[in-house]
Structure formats: structure tokens, C-alpha cells
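Residues per chain, in single letters:
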Amino acid sequence: VAEQSRIERARVRARGAKLALGGLTALVFGLAFVGAKGHAAGHVKHRARPLGAPSAFEQAVRQSALQAGQIAPPVQPPSVVTSTS
Amino acid sequence: VRAAVNDVHRFRAMGCDVVVSGGDPAETGAVFARWEEAFSRFLPESELSRVNASAAPAIRVSPLFARALRTALAAAADTDRLVDPTLAAALAAAGYDRDFSLLPADGPVGAAAPSRLREVRLEGRILRRPPGLALDLNGVVKALAVDAAAAALPGDGFVSAGGDLAVRGPVDVGLPGGGAVRVVAGGLATSGVLSRRWRRGGRERHHLIDPRTGRPSDSPWRAVTVSGDSCLAADVAAKAAFLLGEDGPDWLDERGLPGRFLGSDGIVENRAWAGPTREVACT
């Protein structure tokens, strides 16, 4: 009976050790997963946005609508006079 | 604009004299009527008045309205927000709250109203802005109408409205303060305080509001004339150059735009204005 009791206690210890090891493994995996999400290069750390040039860049390269006209010295009396608007 | 030859036709629209040469004045008049019906601040049934009176935070506007507002927002971006379509409240506070011919001799002046440009969003034809924010698109609408009317001319000619001019073929144009220039292509516009002045709060006011103060500008210039590749470009640049005061000539030169500034001490021409004129004069 004493021999069976020792074996039974050893089994309980072994089961506990397995559970502890499994739990520790799951915990380490979970921490590594969260850490990788938060810090590792290549992992998305925020909601994905559509690809596009930064607005400041778009503004810098956008062509202004303000373009010069063509003027020259007058050759005859004016047809009209520009006043003010 | 004052006509000086016989083949021109004149009529009133948008609160100013319209002069057309080389086309059917009835057709030009129809163009201006269409734009005025949509964008007048003083017609209660205009689309602008209805948009300004609407309590809805988002409104679906007409294609014409969306085009004009998009142009106005682009003009604001091109001028570092000097030409601003959200200054209707400032204009009304300064006293210009009804048709110019109906303004009283004097009256109280309202509080300055700053720019609210950042509150306006246009997505396609959906306009979003806080209810109560009044738009004034007159900074671009008249020039757009002039460009549209000039594009509809069958051949050479010009269309001019209250200082804004677009040409089809060369036209010699008299300038404020004397002198003249030949507009070979594009448009010519003058912005200033020689006309449209009224009294409020015991002093003279004008319609060129500085968005940085929400008040009529204290610019030293009386009139600024700019040449652009369209009447719109010329008009927007002339307004910005006027509002920039002493910095106006350099601001135009940085963009290659010819400008002529009439001040109380005389006339200043920027390098872009003086350069081509001298070049052509030597050939």
C-alpha cells in the first residue's frame, strides 16, 4: 500500500508539473505574441490605412491655378478701361 | 469698365457694368443671368442664399455650385487662404449686407468675423459645414462668369465685368491711374477700392476683407491690376496681391504673374509686368 501511495503521489506531482509547464508555455507564447504585435518590425501596430502620398507632398507638387497671361505694349487707343471689382 | 468703341454692348449684371464685344449680348447676358441666379447673396431664391439659410449640416448642391465652391477652395489654397469664401459674415458686419445701390448713408458697424475656411468640406456634390456659416463665392463667381462668356464668343472679342476682363484675340485696355496695356491672351483683372465704397461707423468701408482680421483691408494700394491666363487667375491673384499690401509685388513675381499697383504716391509695376512689356517694345 505504501508503495502504491508513493507511485500515486509521484503521478500527482507529474500531472501538476505538466500543467505548470503547459501553463507557463502558454503564458510565454501569449506574452511573446503581444510583444511582437507591439514592437516587432513588420507587424501591423494600428489599423491599416490606404496607401497614398502624404497630403503635404501632394500639396507641394499640386500645380497652382495662378498662371500668367500675355501682355504687351498697347498699339492703339484702348477699347475698354478696366476699373475695379 | 467703360466702353470706348462702337461695336461693344453694355448691360448691368451682378451689380456692375458688363461689356461684351464680338458676340451676341443676349447670349452673354444669359450666361451672367444663370450665374447671378445661382450665386447672388441678395436674391433669396438663389442657391447660395438657400445654402446659407439651410439648417442641415450636409447639403447636396448643384454641379455649378460645386464647381464654383471647388474653385473658391482651390483659390484659397493657392493664395495662402487670402481669397476666402467664408467671409460673408465679415462683409455683412462691415455694412455690405444688401444690394450696393440700397446701402444706407451710414450705420453701425458689426463685430469682426474671422475666416471659417477650415470648417468647410466639399465631397463631390455634398457640402458639409456648420449651419450658420455663410458662404460668399463672389470672389470667384464673377471671373468664372466672364471666362465662361468669353469662351462662348464665336470669334475674337472680349467680355468685361466690373474690372474683370477675358479676351479672345488682342485687346488694348486702359488702366486705373492712366496708361494702357495690350492683353494678348488670357485675362486681366483689377481689384481695389476705387469703387464699391460705403460709410459705416463714421468711416469709409470697402469690400476687400482681410481674412486675417475679419475687417476691410488696410492695404496701401488703391487698385491692383494683374494679368492671368484666365480672368479667374487674374482676379484671384489681384485680390491676394491687394490684401498683401507692400508684399504684393514680390508675391506676384514669385509666381511669374505681371502686376501693376496703383498707390496714393503713384504706380508700381512688378518685374513680371515691366519685363515683357519692355521686351516687346524693343522688337
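This one's a predicted model, so the numbers in the text were calculated from it and none came from an experiment.

Okay, the interface of chain A and chain B next. Taken together, the contacts link 23 residues of chain A with 53 residues of chain B. At the boundary of chain A with chain B, the tally comes to 8 residue pairs in polar contact (both at pLDDT 80 or more). By residue number, the principal contributor to the side of chain A that touches chain B is strand 1 (residues 70-72) of chain A, which donates 3 residues. Class assignment of the residues belonging to the side of chain A that touches chain B gives a composition of 12 nonpolar, 10 polar and 1 charged. The pairing of strand 2 (residues 80-81) of chain A with strand 9 (residues 171-174) of chain B spans 2 bridges and is parallel. Residue pairing in the sheet places A:Val80 in a bridge with B:Val173 of strand 9 of chain B.

With respect to the helices and strands, B:Glu47 occurs in helix 2 (residues 47-53). Look at B:Glu47: it is buried, it has no salt bridge, and the nearest opposite charge is B:Arg50 at 5.3 Å.

A word on the nonpolar core. With 61 residues, the main nonpolar core has B:Phe32, B:Trp35, B:Phe39, B:Phe65, B:Leu127 and B:Leu137 as its most contacted residues. The residues contacting B:Phe65, other than those within four sequence positions of it, are B:Phe39, B:Glu47, B:Leu48, B:Val51, B:Leu127, B:Leu135 and B:Leu137.

Attention shifts here to the confidence of the model for chain B. All names here are of chain B. In the predicted model, chain B carries a mean pLDDT of 90, and the fraction of residues at 70 or more is 95%. Ignoring residues within four places in sequence, the model shows residues 1-5, a span with pLDDT below 50, making 22 contacts including any to other chains. Throughout residues 278-283 the model reports pLDDT below 50, and contacts reaching past four residues in sequence, or to other chains, amount to 3 contacts.

Below, the discussion takes up the sheet that holds strand 6 (residues 126-128) of chain B. Residue and element names in this part refer to chain B. Pairing within the open sheet is antiparallel, and its 3 strands lie in the order 4-6-5. Each edge of the sheet is formed by a strand with only one pairing partner; in this case those strands are strand 4 (58-60) and strand 5 (121-123). The mean inter-strand angle of the sheet, taken between neighbouring strand axes irrespective of direction, is 20°. As defined by bridge partners, strand 4 adjoins strand 6 across 3 bridges and the pair is classed as antiparallel. Residue Ala58 lies in a different strand from strand 6, and its bridge partner there is Arg128.

Residues and elements named next belong to chain B. Direction vectors running N to C along helix 1 (residues 25-39) and helix 3 (residues 63-78) enclose 80°, while the axes themselves pass 11 Å from each other. Taken together, the axis directions place helix 1 and helix 3 in an arrangement best described as roughly perpendicular. Residues Arg34, Trp35, Ala38 and Phe39 of helix 1 lie in contact with helix 3, whose contacting residues are Leu64, Phe65, Arg67 and Ala68.

The next point concerns the pattern of salt bridges. Residues and elements named next belong to chain B. Following the criterion strictly, the structure yields 12 salt bridges over all chains and no others. When the shortest N-O distance is used, the salt bridge between Glu119 and Arg116 registers 3.0 Å. We classify Glu119 as partly exposed; its relative accessible area is 34%. For Arg116, a relative accessible area of 29% puts it in the partly exposed group. In this structure, Asp210 and Arg212 form a salt bridge, with 2.9 Å as the shortest nitrogen-oxygen distance. Taking the relative accessible area as the measure of exposure, Asp210 reaches 8% and is therefore buried. A relative accessible area of 53% places Arg212 in the exposed class. The network of salt bridges with shared partners includes Arg10, Arg12 and Asp17.

Calculation criteria
- Counting of residues starts from 1 at the beginning of each chain's written sequence and follows it residue by residue.
- Note on labels: chains are lettered from A, ligands numbered from 1, in written order.
- Side-chain atom pairs in this predicted model are given and counted only at pLDDT of 80 or more, local residue features only at pLDDT of at least 70, and totals for whole chains, interfaces and linings cover all residues.
- Derived side-chain values reflect all non-hydrogen atoms in the structure, with water molecules and hydrogen atoms excluded from consideration.
- Here, residues are in contact when the closest pair of their heavy atoms is within 4.5 Å.
- Polar contact criterion, stated in full: a pair of N or O atoms within 3.5 Å, where within protein one must be able to donate a hydrogen and the other to accept it, and residues adjacent in sequence count only if both atoms are side-chain atoms.
- Secondary structure counts use DSSP, requiring at least four H or I residues in a row for a helix and at least two E residues in a row for a strand, with both numbered from the N terminus.
- All amino acids are sorted into three groups, where Ala, Val, Leu, Ile, Met, Phe, Trp, Tyr, Cys and Pro are nonpolar, Asp, Glu, Lys and Arg are charged, and the leftover types, Gly among them, are polar.
- Strands are labelled as partners when DSSP assigns at least two bridges between them.
- Burial classes follow relative accessibility: with a 1.4 Å probe on protein chains only, a residue under 20% of its type's maximum area counts as buried, one over 50% as exposed, and anything between as partly exposed.
- In summary, the charge assignment counts Lys and Arg as positive and Asp and Glu as negative, without counting His or the chain termini.
- Counted as salt bridges are all cases of a side-chain nitrogen of Lys or Arg within 4 Å of a carboxyl oxygen of Asp or Glu.
- We define a nonpolar core as any set of buried Ala, Val, Leu, Ile, Met, Phe, Trp, Tyr and Cys residues linked to one another through side-chain atoms lying within 4.5 Å.
- pLDDT gives the predictor's per-residue confidence on a scale running from 0 to 100.
- Note on definitions: angles span 0 to 180 degrees between N-to-C directions of axes, and those axes are lines fitted to C-alpha atoms, for helices only across the stretch in contact.
- When an angle is under 35 degrees it counts as roughly parallel; over 145 it counts as roughly antiparallel; between 65 and 115 it counts as roughly perpendicular; any other value is oblique.

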